[in-house]
Amino acid sequence: MRATGGRATPEAAAAGPGMRPWRFVVAFGTVSLLADFVYEGARSVTGPLLASLGASALVVGVVTGVGEAAALVLRLASGPLTDRTRRFWAWTIAGYTLTVVSVPVLGLSGVLWVASALVIAERVGKAVRSPAKDTLLSHATAATGRGRGFAVHEAMDQVGALIGPLVVAGMLAATGDDYAPALGVLAAPGVAVLALLVWLRHRVPDPAAYESGPQPTAAVAQDGRERLPRAFWAYAAFTAATLAGFATFGVLSYHLVQRHLLPTAAVPVLYAAAMGVDALAALATGWAYDRHGARTLAVLPVLAAGVPLLAFTDTVAAAVAGALLWGAAMGVQESTLRATVADLVPPGRRATAYGVFAAVVGAGTLVGGVLAGALYARSIPALIIVTLVIQALALVLLAVTRPGRPS
């Protein structure tokens with residue numbers, strides 16, 4: 001089999017995939033686990049690292065904010081470009097390469113502007129690869145079950161997100177806060193990411209071969225290209241509404257520390273626990289999605305509505321439970337929401353759809369964070385009431401739009 005730039009030859013496509021779909025999903029999950037090991041390890045110390053180079057709090061906020069915006073907004077460009085070129089493997093490998101190279105070099109940078117550029121470059125790498133990566137994964141999950149496939153991928157992803165920061169913390173403790181070896185050690189999993197990707201591309205040059213049977217249809221625009229289906233836009237509206245009423249962990253942790261419910265050092269531990277719940281919730285709702293279809297998504301507004309009811313109390317147990325509930329909602333967002341996109345959009349426009357969907361998620365998250373922070377400063381009861389109203393609206397949108405049940 002031979003493919004160029006991620007496009008399989010007709011002979012390769014006719015021969016079929018080179019491994020079973022579940023093995024492909026697990027292998028891709030291992031890629032994400034290792035990549036999260038790398039970039040989540042770096043992100044856990046981005047603020048202190050930039051500060052050690054002379055950055056103010058404002059500079060740290062601007063650099064990290066620009067990076068997160070780039071990771072989401074640039075997918076509006078990378079998604080359509082991926083669909084147009086059909087070079088899914090090339091975009092995926094290029095994006096991961098940019099990330100795993102930026103992180104170890106970041107530890108060696110001794111100048112603020114260089115470090116800032118590398119922080120942003122790492123996030124650009126995510127924007128480059130994500131639409132292509134999600135499209136490749138969507139093909140295999142057509143055979144494994146959309147919900148289960150994306151759920152297993154998300155659970156493995158979170159394992160890397162837990163290991164990376166712990167390894168970096170251990171290296172910093174062992175080296176007296178020397179960032180060069182602490183981030184340099186992340187080069188090893190980075191090399192493993194690229195090696196595994198090259199091997200996967202060789203074994204499965206055309207993952208679209210996993211996907212057979214009837215596909216979602218899309219209207220055709222005047223330029224002859226397929227439009228994104230109306231069902232996708234309605235689903236995006238539901239997603240935007242849900243996230244606009246979802247508090248960020250930053251606001252939750254602010255409450256925990258300011259009300260003296262937890263010491264600052266305990267907050268990262270709680271965040272790690274929330275990530276564990278994230279993985280479990282992804283697996284549970286992924287399996288439910290494959291059995292019951294999109295009605296499973298109704299759990300997301302319910303979870304999001306419950307977060308402020310518990311998290312913004314003055315009782316430690318309730319506030320911790322609220323943070324864990326936040327983790328469960330994140331698990332649904334990161335797995336089952338993405339799985340549904342693949343069921344709504346035909347393969348020819350799927351990378352574009354994932355790019356647009358990421359921008360919707362980013363905009364909704366921004367609104368949710370700003371709204372929660374502003375309302376928290378004024379009135380916690382008002383924050384709770386507004387959240388409940390927004391999530392009720394999201395449930396209505398879900399009922400009206402009725403995203404199709406997976407085939």
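Computed from a prediction, not measured in an experiment: that's the story for all the values here.

Which residues make up the overall build of the protein, and what values go with them?
The number of helices and strands found in the protein is 18 helices and two strands. Out of the 407 residues belonging to the protein, those deemed buried represent 52%. Long-range pairs, those at least 24 residues apart, make up 83% of the contacts in the protein with a sequence separation of at least 6. Total accessible area on the protein is roughly 16500 Å²; 68% of this is exposed by carbon and sulfur atoms.

Just give me the short version of the pattern of salt bridges, but keep the residues and values in it.
For side chains bearing opposite charge, pairing can occur when the charged atoms are close. Across all of its chains, the model carries 10 salt bridges by this definition. Taking the shortest distance from any N to any O, the salt bridge between Asp134 and Lys133 comes out at 3.8 Å. Across the pair Arg146 and Asp343 runs a salt bridge whose closest N-O atoms are separated by 3.0 Å. Remark: Asp343 occurs in helix α16 (residues 336–344) and Arg146 occurs in helix α8 (residues 146–175); sequence separation between them is 197 residues. Residues joined by salt bridges that share partners form a network here, namely Arg146, Glu211, Asp343 and Arg350.

Account for the nonpolar core, with residues named and values stated.
By size, the foremost hydrophobic cluster in this structure holds 81 residues, and its most contacted members are Phe24, Phe28 and Trp326. When near neighbours in sequence (up to four residues on either side) are disregarded, Phe24 contacts Met19, Trp89, Leu136, Ala140, Leu200, Val204, Pro207 and Tyr210. Leu50, Ala55, Val168 and Tyr179 belong to the second-largest nonpolar core, a separate cluster that totals 20 residues.

Tell me about the confidence of the model for the protein, and name the residues and values.
Interpreting fine coordinate detail is not advised for predicted regions of low pLDDT. On average, residues of the protein carry a pLDDT of 85, and 90% of them reach 70 or more. Note on residues 1–15: pLDDT is under 50 here. Beyond four places in sequence and across chains, it has 33 contacts. Overall, residues 220–224 carries pLDDT values under 50, and its contacts beyond four positions in sequence, including any with other chains, amount to four contacts.

Could you give an account of the packing of helix α2 (residues 21–43) against helix α6 (residues 88–108), naming the residues involved and the relevant values?
Relative orientation of the contacting elements α2 and α6 amounts to 30 degrees, with a least axis distance of 9 Å. Taken together, α2 and α6 sit at an angle that is classed as roughly parallel. As α2 runs across α6, the sense of the crossing is left-handed. Side by side, α2 and α6 meet where Phe24, Phe28, Val31, Ser32, Ala35, Val38, Tyr39 and Ala42 of the first sit next to Trp89, Thr92, Tyr96, Thr99, Val100 and Val103 of the second. Looking at side-chain class alone, the contact of α2 with α6 contains 11 nonpolar, three polar and no charged residues.

Requested: an account of the packing of aromatic side chains, with residues and values cited.
Per the stated rule, a full pass over the model turns up 10 aromatic pairs. Measuring from ring centre to ring centre gives 5.6 Å for Phe24 and Tyr210, while their planes differ by 50 degrees; the resulting arrangement is tilted. Of this pair, Phe24 sits in helix α2 while Tyr210 is found in the loop between α10 (187–203) and α11 (230–244), placing the two residues 186 residues apart along the sequence. By relative accessible area, which is 0% here, Phe24 ends up buried. Aromatic pair Tyr235 and Phe357: ring centres 5.7 Å apart, planes at 0 degrees, arrangement stacked. One end of the pair, Tyr235, is in helix α11; the other, Phe357, is in helix α17 (residues 350–378), and 122 residues separate them in sequence. Within the aromatic cluster, the residues linked to one another by ring pairs are Phe24, Phe28, Trp89 and Tyr210.

Hey, could you go over the environment of Leu33 for me, with residue numbers and the actual values?
Positionally, Leu33 belongs in helix α2. What makes Leu33 buried here is its relative accessible area of 18%. For the pair formed by Leu33 and Ala161, sequence separation is 128 residues and the distance between their alpha carbons is 7.3 Å. Not counting residues up to four positions away in its chain, the partners in contact with Leu33 are Met156, Asp157, Val159 and Gly160.

Tell me about the side chain of Lys133, and name the residues and values.
Along the chain, Lys133 falls in helix α7 (residues 112–144). Among the residues examined, Lys133 registers a relative accessible area of 8% and is labelled buried.

Please give an account of the packing of α2 against α10 that cites residues and values.
For the pair α2 and α10, the least separation of the axes is 8 Å and the interaxial angle reads 160 degrees. One way to sum up the angle between α2 and α10 is to call them roughly antiparallel. By crossing handedness, the relation of α2 to α10 is classed as left-handed. Here Arg23, Phe24, Ala27, Phe28, Thr30, Val31, Leu34, Ala35, Phe37 and Val38 of α2 lie close against α10, whose contacting residues are Pro189, Gly190, Ala192, Val193, Leu196, Leu197, Trp199, Leu200 and Arg203.

Would you mind going over α2 in detail, with residue names and values included?
Along its 23 residues, α2 runs 32 Å from first to last C-alpha, staying within 8% of the 33 Å computed at 1.5 Å per residue. Maximal helix bending in α2 amounts to about 25 degrees, located at Asp36. With 17 of its 23 residues buried, α2 lies for the most part within the structure.

Before we move on, can you summarise the environment of Leu137 with the specific residues and values?
The topology assignment puts Leu137 in helix α7. The spatial distance from the C-alpha of Leu137 to the C-alpha of His153 is 8.8 Å, given a sequence separation of 16 residues. In this view, Leu137 contacts Val25, Phe28, Phe150, His153 and Arg338; residues no more than four positions away in its chain are not counted.

Which residues make up unusual backbone geometry, and what are the values?
With phi around 60 degrees, Asp177 is a residue other than glycine that occupies positive phi space. Within the fold, Asp177 resides in the loop between α8 and α9 (179–184). Classification of Asp177 by relative accessible area gives exposed; the value is 52%. Backbone geometry places His260, a non-glycine residue, at a positive phi of 60 degrees. With respect to the helices, strands and loops of the structure, His260 is situated in the loop between α12 (249–258) and α13 (267–292). Classification of His260 by relative accessible area gives exposed; the value is 71%.

What counts and what doesn't
- Residues numbered from 1 in each chain as written.
- Predicted model: local features only at pLDDT ≥ 70, side-chain atom pairs only at ≥ 80, totals over all residues.
- Heavy atoms only, no water.
- Helix = DSSP H or I, 4+ residues; strand = E, 2+ residues; numbered from the N terminus.
- Buried < 20%, exposed > 50% of the residue type's maximum accessible area, 1.4 Å probe, protein only.
- Contact = heavy atoms within 4.5 Å.
- Areas by Shrake-Rupley, 256 points an atom, 1.4 Å probe, with all protein chains shown as cover.
- Salt bridge = Lys/Arg side-chain N within 4 Å of Asp/Glu carboxyl O.
- Core = buried A, V, L, I, M, F, W, Y, C linked by side-chain atoms within 4.5 Å.
- pLDDT = per-residue confidence, 0-100.
- Axes fitted to C-alpha atoms, helices over the stretch in contact; angles between N-to-C directions.
- Parallel < 35°, antiparallel > 145°, perpendicular 65-115°, else oblique.
- Left-handed = near helix turned anticlockwise from the far one by under 90°.
- Nonpolar A, V, L, I, M, F, W, Y, C, P; charged D, E, K, R; others polar.
- Phe/Tyr/Trp six-rings, centres within 6.5 Å; stacked < 30°, edge-to-face > 60°.
- Expected span 1.5 Å × (residues − 1).
- Bend = angle between axes of the 7 residues up to and from the residue.

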